Amino acid sequence: MTNKERLSNIYEQWVEYCDGMTKYATVDDWTRFVNGVYVAWRRKMSNVDLRCIHTDGMVAIRDYIEQTYSFARFMTLAPEFKELQRLDPNKFE
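Residues numbered from 1 in each chain as written. Predicted model: local features only at pLDDT ≥ 70, side-chain atom pairs only at ≥ 80, totals over all residues. Heavy atoms only, no water.

1. Description of the side chain of D49
Topologically, D49 is positioned in the loop between helix 2 (27-48) and helix 3 (58-68). Polar side-chain contacts of D49 include one of 2.8 Å to the side chain of Y64. A distance of 2.6 Å separates the side chain of D49 from the side chain of Y69, its partner in a polar contact. Every residue in contact with D49, bar those within four places of it in the chain, is listed here: Y64 and Y69. (Helix = DSSP H or I, 4+ residues; strand = E, 2+ residues; numbered from the N terminus. Polar contact = N/O pair within 3.5 Å; in protein donor to acceptor, adjacent residues only side chain to side chain. Contact = heavy atoms within 4.5 Å.)

Here it is in structure tokens:
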């Protein structure tokens, strides 16, 4: 998938989220949308990370995921975040 396709995908998700009425979206709408993109990224990343399987149990897994796939890491590592920034750069200043 190219960057243009990915941006289009995020844009299409945003339009769908707003029922086509993006110019009427609120800050809360945008925040919830970004959080949904983050949660999907975190789930995708942790599902393929073999280190998420710990013999110490669910607390160790949760702590590992929270550290490894935090929102701060999403902002620095995820191509989805870069696409969100391109979609509306003013929201991330």
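2. A word on the nonpolar core
Counting residues in hydrophobic clusters, the biggest one holds 18 residues, and the most contacted among them are W30, F33, V37, W41, I65, F74 and L84. Here the element with the most residues in this core is helix 2; it accounts for six residues. Not counting residues up to four positions away in its chain, the partners in contact with I65 are R42, S46, C52 and S70. (Core = buried A, V, L, I, M, F, W, Y, C linked by side-chain atoms within 4.5 Å. Buried < 20%, exposed > 50% of the residue type's maximum accessible area, 1.4 Å probe, protein only.)

3. A closer look at the packing of aromatic side chains
Evaluation of the coordinates by the stated rule reveals 13 aromatic pairs. With a centroid separation of 4.9 Å and 90° between ring planes, the pair formed by W14 and W30 is classed as edge-to-face. Of the two residues, W14 sits in helix 1 (residues 3-17) while W30 sits in helix 2, which places them 16 residues apart along the sequence. Since its relative accessible area comes to 8%, W14 is described here as buried. Classification of W30 as buried rests on a relative accessible area of 6%. Ring geometry for F74 against F81: centres 5.6 Å apart, planes inclined by 70°, an arrangement best described as edge-to-face. For the residue pair F74 and F81, the accessibility class agrees, reading buried in each case. These aromatic residues form a ring-pair network of at least three members: Y38, W41, Y69, F71, F74 and F81. (Phe/Tyr/Trp six-rings, centres within 6.5 Å; stacked < 30°, edge-to-face > 60°.)

4. Some details on the pattern of salt bridges
In the structure shown here, the tally under the stated rule is four salt bridges. Between K44 and E80 there is a salt bridge, with the nearest N and O atoms lying 2.8 Å from each other. Here the residue K44 occupies a position in helix 2, and E80 occupies one in helix 5 (residues 79-87), the gap between them amounting to 36 residues. Note on K44: relative accessible area 43%, which makes it partly exposed. We note a salt bridge from D63 to R62, for which the minimum N-O separation is 3.3 Å. Given a relative accessible area of 34%, D63 falls into the partly exposed group. (Salt bridge = Lys/Arg side-chain N within 4 Å of Asp/Glu carboxyl O.)

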